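Okay, here's what each chain looks like letter by letter:
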Amino acid sequence: MSLAHLKSGTDIRGTAMGPGNELTDEVVRAIIVGFVAVLKKKTGVPVEKMMVSVGCDSRLSSNRIKKAVIEQLLASGVDVGDCGMSSTPAMFLTTVKKGYTGAVQITASHHPADKNGLKFFTAEGGFEGVDIAEILSIAEGFDASPYRERGEYQSVDYMSEYAHDLRVMIREGIGAQDFRHPLRGFSVAVDAGNGVGGFYANHVLKPLGADISGSRYLVPDGRFPNHSPNPENEEAMHEVSRAVRESGADLGVIFDTDVDRAACVDHDGREINRNRLIALAAAIVLEQEKGATIVTDSVTSDGLKRFITETLGGCHYRYRRGYKNVINEAIRLNQQGVNCPLAMETSGHAALRENYFLDDGAYLMTKLIIRAARMKQEGKSLSDLIRALEEPAETKEVRLHISCEDFRAYGSRVIDELTAWAKKQPGVTLADDNREGVRFSFDKDHGEGWALLRLSVHDPVLPLNMESAKKGGVREIEAQLAPFFAAYDQLTE
């Protein structure tokens, strides 16, 4: 059986329900055979000494897949800690704080309810794309012959420990006179989107005295009946904004299904996500790390760059799209002696050096809540920290589909030729800090903004991102680019 199509960057993903089910029990068990082999190779731990933790999100197919994962691990001779419904960051932390050789999380993040997938971790971090490819290659030659001695099973409630650590973080971070209830008088509306994130309201905030009465969709429901569990989804952000306004909450928090991403809403219902969320996280981090470098993905705005460099006095380092790319580059920079405490993608993946460079939505929101609670005592709000952030008047993304078979070669040629084109245009300047595709700016007479063309990591698509500081500016930028793209007959919107 061919399984290569199940690779999705650094995850495995596929349809897990109905007649198109790709993640059958047999396929899942084959994948786990591959995982055990790669885990042994990565860690050097013999199979009979391995301990692997297993968790899942709230999807309807998750328990079935978890059962198949655990059964194959036990049959392979691996000891298993069944963590039940868990967040993805918590599953990684089992390898750091509980000593598990590896961890398996069953989730498809924000994808539709019929999808599911698997993520893998060691204490060094999440598996890379090459590891996923090797797992699937081994799985294609599936040999499920049992190990000579079956592994041992135990149920593990790590989510309670994880929630406890976040409570301790808030208590110590606020330092209130009422140490046990530092959030008394502070209200947070949490939108878990019926994913795993309901624990944050019930087991982190409420025990600390917070009013969580404005919260919505805390009960796990794998059908996701209310809205997509995705902080990038417009409807979802409108929902949490409405929850804040209707309840009068001091802050709104929204998570994706497995809680590795998040966004927030200020007391007035103003959405703080994408560039705003990066700006807010950078403002808090750079207070303690003066002059440090913030790594982001390539589509961040010019206003964010000026905010980080001019207002906050930090350095801004744009890198390739993909949260793993951004995190790995931040780790590499630190190894080279560059002080880089934060890596963040506009999708909401935020990884802090102080937290193992783990993209953990609950950890980021905890940092923000600590600061918001302290600012409320001063009569201020989180938005005060990003008042100087310049917002674009317009943004737009166009996805240009490549119809030819060798789409990577074709897309690379388009990017190279657009680079040459931009060098010759009046009012156009190539970015000197771009590390993906081609990015260039337009002066006030030519659109007053910027454009970025890059090749999608997985798909035959050239995403074209545009922003302008003035109304109608994106249309001006598109008009200048249109003749260039008209010459490529393999590109369609």
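Our structure is the block above this text.
Note that the structure is predicted; figures quoted are calculated from it, not measured.

Caption draft 1: Structural context of the pattern of salt bridges. Summed over all chains, the structure comprises 38 salt bridges. A salt bridge links Asp256 to Arg261; the shortest N-O distance between them is 3.4 Å. Asp256 gets classed as buried once you look at its relative accessible area, which sits at 0%. Residue class for Arg261 comes out buried when judged on its relative accessible area of 2%. Across the pair Asp297 and Arg321 runs a salt bridge, and its minimum N-O distance is 2.6 Å. Taken together, the residues span a long stretch of sequence, with Asp297 in the loop between strand S13 (293–296) and helix H9 (302–311) and Arg321 in the loop between strand S14 (315–318) and helix H10 (323–335) at a distance of 24 residues. Arg321 shares its class with Asp297; the two are buried. One connected set of salt bridges, linked through shared partners, spans Asp302, Lys305, Arg318, Asp433 and Arg439.

Caption draft 2: Region of interest: the pairing of strand S6 (residues 115–122). Across the 8 residues of S6, 7 count as buried, placing the element largely inside the fold. Bridge count for strand S2 (residues 11–15) against S6 is 4 bridges, and the pairing is antiparallel. In the strand pairing of S6, Gly14 is matched with Asn116. By the bridge criterion, 4 bridges tie strand S5 (residues 102–106) to S6 in an arrangement that is antiparallel. By the bridge assignment, Ala103 is partnered in S6 with Phe121.

Caption draft 3: Expanded view of the packing of aromatic side chains. Under the defined criterion, the tally for this structure stands at 15 aromatic pairs. Pairing Phe35 with Phe127 gives two aromatic rings, centres 5.8 Å apart and planes at 40°, and the pair type is tilted. One end of the pair, Phe35, is in helix H1 (residues 25–43); the other, Phe127, is in the loop between strand S7 (125–126) and helix H4 (129–140), and 92 residues separate them in sequence. In this structure Phe127 comes out as buried when scored by relative accessible area, which is 1%. Ring centres of Phe92 and Tyr356 lie 6.3 Å apart, and the angle between their planes is 65°; this geometry places the pair in the edge-to-face category. Here Phe92, found in helix H3 (residues 88–97), pairs with Tyr356, found in the loop between strand S16 (350–352) and strand S17 (358–359); they are 264 residues apart in sequence, far enough to count as distant. Tyr356 sits in the partly exposed class, given a relative accessible area of 42%. Directly above the aromatic system of Tyr317 lies the positively charged group of Arg435, at a separation of 3.5 Å from the ring centroid.

Caption draft 4: Spotlight on the packing of helix H12 (residues 407–424) against helix H13 (residues 473–486). Where H12 meets H13, the closest approach of the two axes is 11 Å, and the angle between their N-to-C directions is 135°. What the angle tells us is that H12 and H13 run oblique. Considering only the axes of H12 and H13, their crossing is right-handed. Across the interface between the two elements, Val414, Glu417, Leu418 and Trp421 of H12 pack against Gln480, Leu481, Phe484 and Phe485 of H13. A per-class count over the contact of H12 with H13 returns 6 nonpolar, 1 polar and 1 charged.

Caption draft 5: View of the nonpolar core. Ranked by internal contacts, the top residues of the largest apolar core, which has 83 residues, are Leu183, Phe199, Tyr200, Leu205 and Met365. Met365 has contacts with Tyr200, Val253, Phe255, Ala262, Ala263, Cys264 and Leu277, leaving out every residue within four places of it along the chain. Judged by nonpolar contacts, the second largest core, of 36 residues, contains Leu6, Phe35, Val54 and Leu73.

Caption draft 6: Representation of the sheet that holds strand S10 (residues 251–255). The 4 strands lie next to each other as S9-S10-S11-S12, forming an open sheet whose pairing is mixed. Strands with a single pairing partner mark the edges of an open sheet, and in this sheet they are strand S9 (188–191) and strand S12 (271–272). Pairing analysis gives 2 bridges linking strand S11 (residues 262–265) to S12, with the strands arranged antiparallel. Within S12, the residue paired with Cys264 across the bridge is Ile272.

Caption draft 7: Expanded view of H1. Taking 1.5 Å as the rise per residue, H1 with 19 residues should run 27 Å; its terminal C-alpha atoms sit 26 Å apart, in good agreement. Among the residues making up H1, those that are buried are Val27, Val28, Ala30, Ile31, Ile32, Val33, Gly34, Phe35, Val36, Val38 and Leu39. Taken together, the buried residues of H1 touch S2, strand S3 (51–56), helix H2 (62–75), S5, S6 and H4. Directly beyond the C-terminal end of H1, a positive phi value near 75° is found at Gly44.

Caption draft 8: Quick peek at the sheet that holds strand S18 (residues 394–402). With antiparallel pairing, 6 strands are arranged side by side in an open sheet as S19-S20-S21-S22-S18-S23. The outermost strands of the open sheet, each flanked by one partner alone, are strand S19 (428–430) and strand S23 (491–492). Relative to strand S22 (residues 461–468), strand S21 (residues 449–453) runs antiparallel, the two sharing 5 bridges. Bridged to Ala451 within S22 is Met466. The strands that H12 touches are S18, S19, strand S20 (438–442), S21, S22 and S23; relative to S20, the one it contacts most, it runs at about 30°. Here H13 sits on the sheet in contact with S18, S20, S21, S22 and S23, set at roughly 145° to S22.

Conventions we followed
- Residues numbered from 1 in each chain as written.
- Predicted model: local features only at pLDDT ≥ 70, side-chain atom pairs only at ≥ 80, totals over all residues.
- Heavy atoms only, no water.
- Salt bridge = Lys/Arg side-chain N within 4 Å of Asp/Glu carboxyl O.
- Buried < 20%, exposed > 50% of the residue type's maximum accessible area, 1.4 Å probe, protein only.
- Helix = DSSP H or I, 4+ residues; strand = E, 2+ residues; numbered from the N terminus.
- Pairing = 2+ DSSP bridges.
- Phe/Tyr/Trp six-rings, centres within 6.5 Å; stacked < 30°, edge-to-face > 60°.
- Lys NZ or Arg CZ within 6 Å of the ring centre and 35° of its normal.
- Axes fitted to C-alpha atoms, helices over the stretch in contact; angles between N-to-C directions.
- Parallel < 35°, antiparallel > 145°, perpendicular 65-115°, else oblique.
- Left-handed = near helix turned anticlockwise from the far one by under 90°.
- Contact = heavy atoms within 4.5 Å.
- Nonpolar A, V, L, I, M, F, W, Y, C, P; charged D, E, K, R; others polar.
- Core = buried A, V, L, I, M, F, W, Y, C linked by side-chain atoms within 4.5 Å.
- Expected span 1.5 Å × (residues − 1).

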